[in-house]
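# Descriptive analysis of the structure
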Amino acid sequence: QVQVVESGGGLVQAGGSLRLSCAASGRTFSSYAMGWFRQGPRKEREFVAAISPSGDNTYYADSVKGRFTISRDNAKNTVYLQMNSLKPEDTAVYYCAVRGLIATMNVNDYHYWGQGTQVTVSS
């Protein structure tokens, strides 16, 4: 069992920045692919970004490309999501998720999920 805990959400004005953190338990964190997803009001959960176990490969949704950056620190068992130039449409609950060796963009491929952290962007 892997426990996943997100932090760093909050309220920010449009154009501002936030950094989300996700800590995952387990000795084999460096073998996990990690993903960030979000779910806005009355919307389905959608892919935001993913990172390979080594951090060498990253993937982004078109809607966040160039504004968000995913990274990880395997020594700290933590993955980050730096969000810049935030827009009101980025408002959502952001979830961190864990799967095996291969990072994907499919929500159904991820096995362990955190409780989520709210991000609200005001206009």
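Residues numbered from 1 in each chain as written. Predicted model: local features only at pLDDT ≥ 70, side-chain atom pairs only at ≥ 80, totals over all residues. Heavy atoms only, no water.

### Brief notes about the pattern of salt bridges
Test applied: Salt bridges are counted wherever a side-chain nitrogen of Lys or Arg sits within 4 Å of a carboxyl oxygen of Asp or Glu. Categorising residues by exposure relies on relative accessible area from a 1.4 Å probe, with only protein chains included: less than 20% of the type maximum marks a residue as buried, more than 50% marks it as exposed, and the intermediate range marks it as partly exposed.
In this structure the tally under the stated criterion is four salt bridges. Of the charged contacts, one joins glutamate 46 and arginine 38 as a salt bridge, the two residues approaching to 2.7 Å between their closest N and O atoms. Taking relative accessible area as the criterion, arginine 38 reaches 6% and is therefore assigned buried. Here aspartate 62 makes a salt bridge to lysine 65, at a shortest N to O gap of 3.2 Å. Taking relative accessible area as the criterion, aspartate 62 reaches 67% and is therefore assigned exposed. Using a relative accessible area of 49% as the deciding quantity, one classes lysine 65 as partly exposed. Each of Arg38, Glu46, Arg67 and Asp90 takes part in a single network of salt bridges with overlapping partners.

### Section: the sheet that holds strand S3 (residues 18–24)
What counts is decided by this rule: Following DSSP output, two strands are said to pair if at least two bridges run between them. Here a helix means four or more residues in a row that DSSP labels H or I, a strand means two or more in a row labelled E, and each is numbered from the N terminus. Axis definition: a line fitted to C-alpha atoms, over the contacting stretch in the case of helices. Angles run 0 to 180 degrees between N-to-C directions.
As summarised here, the arrangement of the four strands in space is S1-S3-S8-S7, forming an open sheet in which the pairing is antiparallel. Bordering the open sheet on either side are strand S1 (4–7) and strand S7 (68–73), each of which pairs with just one other strand. Pairs of neighbouring strands in the sheet enclose a mean axial angle of 15°, with direction left out of account. Pairing geometry for S3 and strand S8 (residues 78–83), over six bridges, is antiparallel. Counterpart to cysteine 22 in the pairing with S8 is valine 79.

### As for the packing of aromatic side chains
Note the threshold: Classification of ring pairs uses Phe, Tyr and Trp, with its six-membered ring standing for Trp, and accepts pairs whose centres are within 6.5 Å; under 30 degrees between planes counts as stacked, over 60 as edge-to-face, and the remaining range as tilted. In this analysis the charged atom, NZ for Lys or CZ for Arg, is taken to sit over a ring once it is within 6 Å of the ring centre and within 35 degrees of the ring normal.
Applying the stated criterion across every chain, the model contains six aromatic pairs. Geometrically, the ring pair formed by phenylalanine 37 and tyrosine 110 is edge-to-face, given 5.1 Å between the ring centres and 70° between the ring planes. Of this pair, phenylalanine 37 sits in strand S4 (residues 33–39) while tyrosine 110 sits in the loop between strand S9 (92–99) and strand S10 (112–113), and the two are 73 residues apart along the sequence. The buried category is assigned to phenylalanine 37, whose relative accessible area is 0%. Since its relative accessible area comes to 5%, tyrosine 110 is described here as buried. When the centroid spacing of 6.4 Å and the interplanar angle of 65° are considered together, the rings of tyrosine 110 and tryptophan 113 count as edge-to-face. When its relative accessible area of 25% is taken as the criterion, tryptophan 113 is described as partly exposed. Of note, arginine 45 hangs over the ring of tyrosine 95, and the distance from its end group to the ring centre comes to 3.7 Å. It is arginine 45 that lies over the ring of tryptophan 113; its NZ or CZ is 4.9 Å from the centre.

Note that every value here comes from positions in space, so none of it alone points to a role or purpose.
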